[in-house]
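Survey of secondary and tertiary structure
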Amino acid sequence: MIRPDPFPQGGYRLAAVFIATAWLVFCWPWLGGGQIIPHDAKNHFYPMVRFLALAWHSGESPFWSPYHFGGFPMVADPQSVIFTPSFWPAVLAGPAPSMRLVDAIHLLHLLVMGLAILGFARLRGWRVEAGAAAAICFMLSGALTVRLEHLLMTVSMMWLAVCLWRLEAVLTHGGIWRGIAFGVALGLMLIDRNHVAYLAAWFLGFYWLSRSWPGSGQMVPLRNQTPVILGGITALCLAAIPILLLLQLAEISNRPSFDYEGASLQSLHPAALATLFMVDIFGPLDRAGAYWGPASHAWGGQFFVHRGMLHGYVGALALVLILWHGIGAGRLWRREALVFTLLAILFLIYALGHYTPVFEWLYDTVPGIDLFRRPADALFLFGASAALLTGALMNDMLRAPSRLSPVGSLAVLVLTISGAVFVGLLGAKQGHLADLGLPAARALAYSAILLALLIMAVRVRGTLQRSLLAAILLISAVDLITAHSNIRLNASLPQFYDQLETPAAYDHIAHLAALSKATDPSGAPWRVETIGLGASSQNIGQAAGIEALLGYNPIRLRAFDSLIAPKHQNNASANRRFGTAMTSYDSVMADQLGLRYIMTGKPVEKIDRTLPQDALQEVAVIPYLDQNFHLYENRDAKPRAVLLPATGSGATPGPQPRITRYTNVVVEVSAECTSPCRLVLHDFAYPGWTATANGVPVPLVIQDGLFRAVDLSVGQNEVTFTFSPLALENLQAALIGVLGGEGTP
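Criteria and cut-off values
- Residues numbered from 1 in each chain as written.
- Predicted model: local features only at pLDDT ≥ 70, side-chain atom pairs only at ≥ 80, totals over all residues.
- Heavy atoms only, no water.
- Helix = DSSP H or I, 4+ residues; strand = E, 2+ residues; numbered from the N terminus.
- Buried < 20%, exposed > 50% of the residue type's maximum accessible area, 1.4 Å probe, protein only.
- Areas by Shrake-Rupley, 256 points an atom, 1.4 Å probe, with all protein chains shown as cover.
- pLDDT = per-residue confidence, 0-100.
- Contact = heavy atoms within 4.5 Å.
- Core = buried A, V, L, I, M, F, W, Y, C linked by side-chain atoms within 4.5 Å.
- Pairing = 2+ DSSP bridges.
- Axes fitted to C-alpha atoms, helices over the stretch in contact; angles between N-to-C directions.
- Expected span 1.5 Å × (residues − 1).
- Polar contact = N/O pair within 3.5 Å; in protein donor to acceptor, adjacent residues only side chain to side chain.
- Patch = residues over 30% accessible without salt bridge, like charges linked within 9 Å, V, L, I, M, F, W, Y side chains within 5 Å.
- Salt bridge = Lys/Arg side-chain N within 4 Å of Asp/Glu carboxyl O.
- Left-handed = near helix turned anticlockwise from the far one by under 90°.
- Nonpolar A, V, L, I, M, F, W, Y, C, P; charged D, E, K, R; others polar.
- Disulfide = S-S within 2.5 Å.
- Phe/Tyr/Trp six-rings, centres within 6.5 Å; stacked < 30°, edge-to-face > 60°.
- Lys NZ or Arg CZ within 6 Å of the ring centre and 35° of its normal.

1. A word on the overall build of the chain
Helix and strand counts for the chain come out as 24 helices and 13 strands. Per-residue burial over the chain gives 59% buried out of 745 residues. For the chain, the computed accessible surface area is about 28,800 Å², with 64% contributed by carbon and sulfur atoms.

2. Remarks on the confidence of the model for the chain
Per-chain confidence: the chain averages 91 in pLDDT, with 96% of residues scoring 70 or above. Throughout residues 1–7 the model reports pLDDT below 50, and contacts reaching past four residues in sequence, or to other chains, amount to 25 contacts.

3. Topic: the nonpolar core
One finds Phe340, Ile564 and Tyr585 to be the most contacted residues of the largest nonpolar core, which totals 250 residues. Of the residues forming this core, the biggest block, 15 residues, is contributed by helix 7 (residues 151–173).

4. Comments concerning the sheet that holds strand 5 (residues 641–645)
Pairing in this open sheet of 4 strands is antiparallel, and the strands run 5-8-12-11 from one edge to the other. A strand with exactly one partner marks an edge of an open sheet, and here the two such strands are strand 5 and strand 11 (701–703). Each neighbouring strand pair of the sheet contributes to a mean axis angle of 35°, computed without reference to strand direction. As defined by bridge partners, strand 5 adjoins strand 8 (residues 677–684) across 5 bridges and the pair is classed as antiparallel. The residue of strand 8 that forms the bridge with Pro645 is Cys677.

5. So, helix 17 (residues 437–457)
In this model, helix 17 (21 residues) spans 30 Å end to end at C-alpha, consistent with the 30 Å of a helix rising 1.5 Å per residue. Summarising the contacts, the buried residues of helix 17 are in contact with helix 12 (316–328), helix 15 (379–399) and helix 18 (462–484).

6. Description of the environment of Thr341
Positionally, Thr341 belongs in helix 13 (residues 335–352). Distance in space between the C-alpha atoms of Thr341 and Ile322 is 9.4 Å, their sequence separation being 19 residues. Side-chain polar atoms of Thr341 contact the backbone oxygen of Leu332, separated by 2.9 Å.

7. Notes on a nonpolar patch on the surface
Residues Leu410, Leu413, Val414, Ile417, Val421 and Leu425 make up a contiguous nonpolar surface patch of roughly 560 Å² in combined accessible area. Here Val414 lies in helix 16 (residues 406–429).

8. Digging into the sheet that holds strand 7 (residues 666–673)
If you trace the 5 strands from one edge of the open sheet to the other, you get 6-7-13-9-10, paired in antiparallel fashion. At either end of the open sheet lies a strand with only one pairing partner, and these are strand 6 (658–662) and strand 10 (696–698). For this sheet, the mean inter-axis angle between neighbouring strands, taken without regard to orientation, is 25°. Relative to strand 10, strand 9 (residues 689–693) runs antiparallel, the two being bridged by 3 bridges. Bridge pairing links Ala691 to Val698 in strand 10.

9. Notes on the packing of helix 10 (residues 222–251) against helix 24 (residues 728–738)
The N-to-C vectors of helix 10 and helix 24 enclose an angle of 65°; their axes lie 9 Å apart at closest approach. Note on packing geometry: the crossing formed by helix 10 with helix 24 is left-handed. Counted together, Ile241, Leu244, Leu245, Leu247, Gln248 and Glu251 of helix 10 and Asn730, Leu731, Ala734, Leu735, Gly737 and Val738 of helix 24 form the full contact between these two elements. In terms of residue class, the contact of helix 10 with helix 24 is made up of 8 nonpolar, 3 polar and 1 charged.

10. A few points about the state of the cysteines
Scanning the model with the defined rule gives 1 disulfide in all. What pairs with Cys673 in a disulfide is Cys677, and their sulfur atoms sit 2.1 Å apart. What makes Cys673 buried here is its relative accessible area of 2%. Judged by relative accessible area, which is 1%, Cys677 ranks as buried. In this model Cys27 remains outside any disulfide bridge; the closest cysteine sulfur is found in Cys137, 16 Å from its own. By relative accessible area, Cys27 is classed as buried at 0%. Here Cys237 is not disulfide-linked; the sulfur of Cys163 is the nearest cysteine sulfur, at 15 Å.

11. Side note on the pattern of salt bridges
For side chains bearing opposite charge, pairing can occur when the charged atoms are close. A full pass over the atoms with the stated rule returns 20 salt bridges. In this structure, Glu168 and Arg211 form a salt bridge, with 2.8 Å as the shortest nitrogen-oxygen distance. Of this pair, Glu168 sits in helix 7 while Arg211 sits in helix 9 (residues 195–212), and the two are 43 residues apart along the sequence. Assessed through its relative accessible area of 5%, Arg211 is described here as buried. Of the charged contacts in the structure, one is a salt bridge between Asp561 and Arg556, with a shortest N-O distance of 4.0 Å. This pair shows no difference in class: Asp561 is buried, exactly as Arg556 is. A single salt-bridge network, built from bridges that share partners, covers Arg527, Glu547, Arg640, Asp683 and Arg708.

12. So, the side chain of Asn254
Tracing the sequence through the fold places Asn254 in the loop between helix 10 and helix 11 (260–263). Looking at Asn254, its side chain comes within polar contact range of the main-chain oxygen of Pro554, at 3.4 Å.

13. What to know about the packing of aromatic side chains
Taken as a whole, this structure holds 26 aromatic pairs when the rule is applied. Note on Trp64 and Phe723: the rings are 5.2 Å apart at their centroids and 65° apart in plane angle, and the pair reads as edge-to-face. Here Trp64, found in the loop between helix 2 (40–57) and helix 3 (88–93), pairs with Phe723, found in strand 13 (residues 715–723); they are 659 residues apart in sequence, far enough to count as distant. Between the NZ or CZ atom of Arg708 and the centre of the ring of Trp64, over which it lies, the distance is 5.5 Å.

See below:
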């Protein structure tokens, strides 16, 4: 018998309050407890927000940053947050938004996704308790919350939830404006251009097919499909240019695509499947040095996967409902749950990567997979699928209770025993069998309590049932909050990152900033390099407005990667890899770059072992915490703008050029040529940069495989270099290049 929902419309308002309360409790360590979201959220994304804010409030364009890897096209970088409007309030708040403000906005995305899932459940006609369960599991799932450091993936998951809600609204009610709203959400999801957004598009596509398939029993009227198509067009209009600019960057970057080995490198180790039903199976998430699972030394070899990328816990409620009602009662394959069952299986197999043959087939068959690495990212989408499956099963259980079948009961028994044996063998093999006691007890306690309450809830009605279901939701929230809130992987004290927020308060950064304000003979700031100063200093140039040669970013220009700093060089450690042109700090390329100052975490001779003794001058030793930073000066550094003979040899064809204006996207140079000459600006060439001489467009030449240059005639020349990535000519060239032509140089 189908049981009616005992809650009136106000039940969903009460559920929204519950979700907001659970969110607030989860987020309190950051909002009121003094913690900040660490790792990449600060080392990489926070400096990006700072740069965008500084550019906005100083009237500069954020499309090009001179402070990142010697010059970088931020407009094409998917991690620059330029096209992420949910972070614009932090940018508009002031030129130096605080870490806490950025974190608060970041965490708000979780609340929005929870409320959006509740809205989806309401449109689907689910019981309010089922909608609340899905929302809690969705916004507090393990992959999402343990990996809060990956800020834009949180954003993509929020837009996935909003897209699903608005897509269901269109499919249910139709309407042009609903279609446009769905399209805007879809466009904003795709615009962040990351692996999770790509897989989220899969999710939405499969869900739309499940609602539109003739045999699904949920046929959508044809008139309601038209707004969906309109939404797709809207999304394409919003995301097309950012995606095109990213593909243009990828084409000339160090990672235009990944071969199968590179794409599958960071796969979910099968042993990590144990995290689906035990939180701390491989050691407490909130304590350093306790981890013994895959990717740790205990396993030997190199898995190249961070612990946070191997955590898939979605909660004991999800586990109990999938086993008891889904498998035991055979409800996984009913139409309401079927699509989420299939999506959960798909994304789990995808996450396993090279551990199954499926990923290689997908890699060879499906366009776009070769643009990304780390199959384990699919755990985000597995968590979303499992959360929605939880809601669908709870709704089915409450509306049409059913008994366990003999086959289903046997399957549950076999799976439970197999899981216990699997976990026991893992612990025994690694010598940690005794350490499984507390995680196992936790899992058993939550599962047993929730199962008992669920069994009672389906046998009663009215106020008692509502009370039991409220208890189930509360316990489920407590389970996920205590598992994932304020742990070492997503929470840290702010002092480890304070130098990014208040760089002028730190002597070594203030010293560098002061030196970088001095200009070379052409009138441009000197460049600096920091190496071995620690993870939080990697993108200090972005945060402090210092023209830094190195930084932290997985993507950089291929010429830079080859000539200056190869093999994904970052500057956290003092392991400096030199390129084919910049073979040392004592090299022609280092001088051409105007690299005047180098600050190191240990003596430079231990970093550059080919460096002649007197090539650099040590000008300061600056104490920082328990170490000393060394500051060196390269007095052979050359000006940013120089004149070369047009023939390539001979006397200098004129006096030193002067830079009369230097901004992020416009550089004006005054050059007097006594003979035909070439003006070389030692800034990096990139599509979208154009040049004029005396107001007339002139061809831009790439000098030494890296720098911008123009050929000039005799006389006084006023040269302007302008970065116009959104110009029609550049977009056309980018499109031709993406389609396989020769549009992008």
